[in-house]
Every structure is written in structure tokens, then in C-alpha cells.
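Here is what each chain is made of, one letter per residue.
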Amino acid sequence: MGHDVLTTIELDAPISEVWAVLEDVHSWEEWSRIFRFSRATVEPGGAGLLWARVGPAAIPLRVKFQVIDNESELRWTGGIGGVLHGSHFLKLEVIDENRTRLIHGETFDGVIISASWKLLAGQLPAAYKAFNKELRRKLAG
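Residues numbered from 1 in each chain as written. Predicted model: local features only at pLDDT ≥ 70, side-chain atom pairs only at ≥ 80, totals over all residues. Heavy atoms only, no water.

Q: Even after reading the chapter, I still don't get the pairing of strand 4 (residues 57–69), so can you show me in this structure?
A: For a regular strand, side-chain orientation follows a simple rule: the groups alternate between the two sheet faces. Sheet analysis places strand 3 (residues 47–54) next to strand 4, joined by eight bridges and oriented antiparallel. Each residue of the ladder has a partner; that of V54, found in strand 4, is A57. As consecutive antiparallel partners, strand 3 and strand 4 are separated by two residues, and within that stretch G55 has a phi angle of approximately 65°, a positive value. By the bridge criterion, seven bridges tie strand 4 to strand 5 (residues 73–80) in an arrangement that is antiparallel. Across the sheet, V63 pairs through a bridge with G78, a residue of strand 5. (Pairing = 2+ DSSP bridges. Helix = DSSP H or I, 4+ residues; strand = E, 2+ residues; numbered from the N terminus.)

Okay, here's the thing in C-alpha cells:
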């Protein structure tokens, strides 16, 4: 059984600007405490090493990029061998020519998730919302 995290935020930037920041995963470490890639090949099927901060710990996760749809969606999957798996997505929607909606979430499954969902259900949405706010600050310059 999967567990979901879903967040949204409206950003005061055209979709092309938001996409440019999101697609450049190598620069995330300059503006995000929550997610950063120490290496990544950003193409469908490309691999990466994502560091995800939940609470005080940063967890390294091997991921594979599934979707890189220009100005629309960035999605990867990965986890920790059989005990934790996630399908993480960042989807963009045009609100108007100078505003973009980010829909940011993940579907999780695995033994760790099932056993600790009550704890994680409080921490994960907060982490995703923090990333969204970091993105907003980055776009504001």
C-alpha cells in the first residue's frame, strides 16, 4: 500500500524560469537545504544520487530519472533496496504568463514506510513545503 505526500505552491515567475531552476539539479545545493544531488544524469533513465533531509538527517538515495518533460514535469524513482521506494515528482502548471503553480509530491511504499508512516506523515510534508519555499526565494532572487 502506497502513502502519498502532495504539496502545492504558487510562484511569481514564468514557467520557463521555474523549469530552468528545477532542471538544473546540480545547482540545488546552492539554494536548498532539503534536497540536493551530488551527481545526476538528468535524462530519462539517467541515474543520480539524491540527498534528502528529513528532520536532522540527510539520507543518500540512489534514483533514476523517469520523466523530464520540458516546462511540465520532473520525476524520479528510487530508494533503499526493497525497504523504501518512492516516486517523486515536480509538476508545473501555468497560472498566467508571470505565475506558475508547482505541484510537488511523492508516492512511497516499502517496509520502512509502512512501519513508520505515522511519524513520517508529519515530517515529509513539512520538508516538501520547505523546499517549495526555498524555490520561491531562489526565484525572487
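Continuing now.
Q: Even after reading the chapter, I still don't get the packing of aromatic side chains, so can you show me in this structure?
A: Aromatic rings in a pair are described by how distant their centres are and how their planes are angled relative to each other. All chains considered together, the criterion is met by 10 aromatic pairs. Site record: aromatic cluster; members linked through ring pairs are W28, W31, F35, F37, F65, W76, Y128 and F131. The ring centre of F89 lies 5.1 Å from the NZ or CZ of K91, which sits over that ring. (Phe/Tyr/Trp six-rings, centres within 6.5 Å; stacked < 30°, edge-to-face > 60°. Lys NZ or Arg CZ within 6 Å of the ring centre and 35° of its normal.)

Q: What is the right way to read unusual backbone geometry from this model?
A: The phi torsion of most residues other than glycine is negative, and most of the peptide bonds are trans. Unlike most non-glycine residues, E71 shows phi in positive territory, near 60°. Among the secondary structure elements, E71 is positioned in the loop between strand 4 and strand 5. The exposure class of E71 is partly exposed, given its relative accessible area of 30%. (Buried < 20%, exposed > 50% of the residue type's maximum accessible area, 1.4 Å probe, protein only.)

Q: Even after reading the chapter, I still don't get the pattern of salt bridges, so can you show me in this structure?
A: Two side chains of opposite charge can pair, provided their charged atoms sit close to one another. Here the structure, examined in full by the defined rule, presents five salt bridges. The partner of R75 in a salt bridge is E73, and the shortest N-O contact between them spans 2.7 Å. Here R75 matches E73 in class, with each residue buried. Among the charged side chains, a salt-bridge network with shared partners connects E10, D12, E93, R99 and R101. (Salt bridge = Lys/Arg side-chain N within 4 Å of Asp/Glu carboxyl O.)

Q: Sorry if this is basic, but what is going on with the nonpolar core here?
A: The nonpolar side chains of soluble globular proteins are, as a tendency, buried together. Ranked by size, the top nonpolar core spans 37 residues in total, and within it L22, W28, F37, W76 and L135 carry the most contacts. If you tally residues by element for this core, the top one is helix 3 (residues 111–140), at eight residues. Apart from the residues lying within four places of it in its own chain, the contact partners of L135 are L11, V18, V21, L22, W31 and L102. (Core = buried A, V, L, I, M, F, W, Y, C linked by side-chain atoms within 4.5 Å. Contact = heavy atoms within 4.5 Å.)

Q: How should I be thinking about a positive patch on the surface in this particular structure?
A: On the surface, K129, K133, R136 and R137 cluster together to form a positively charged patch. Mapped onto the elements of the fold, K129 is located in helix 3. Among the residues examined, K129 registers a relative accessible area of 47% and is labelled partly exposed. (Patch = residues over 30% accessible without salt bridge, like charges linked within 9 Å, V, L, I, M, F, W, Y side chains within 5 Å. Areas by Shrake-Rupley, 256 points an atom, 1.4 Å probe, with all protein chains shown as cover. Lys, Arg positive; Asp, Glu negative; His and termini not counted. Charge placed at Lys NZ, Arg CZ, Asp CG, Glu CD.)

Q: Whenever I open this one, helix 1 (residues 15–23) confuses me. Can you help?
A: The periodicity of an α-helix, 3.6 residues per turn, causes residues three or four positions apart to be oriented the same way. Every buried residue of helix 1 is listed here: I15, V18, W19, V21 and L22. Seen from one end, helix 1 has its buried residues packed into an arc of 165°, which puts them on one side. (Arc of directions from axis to C-beta.)

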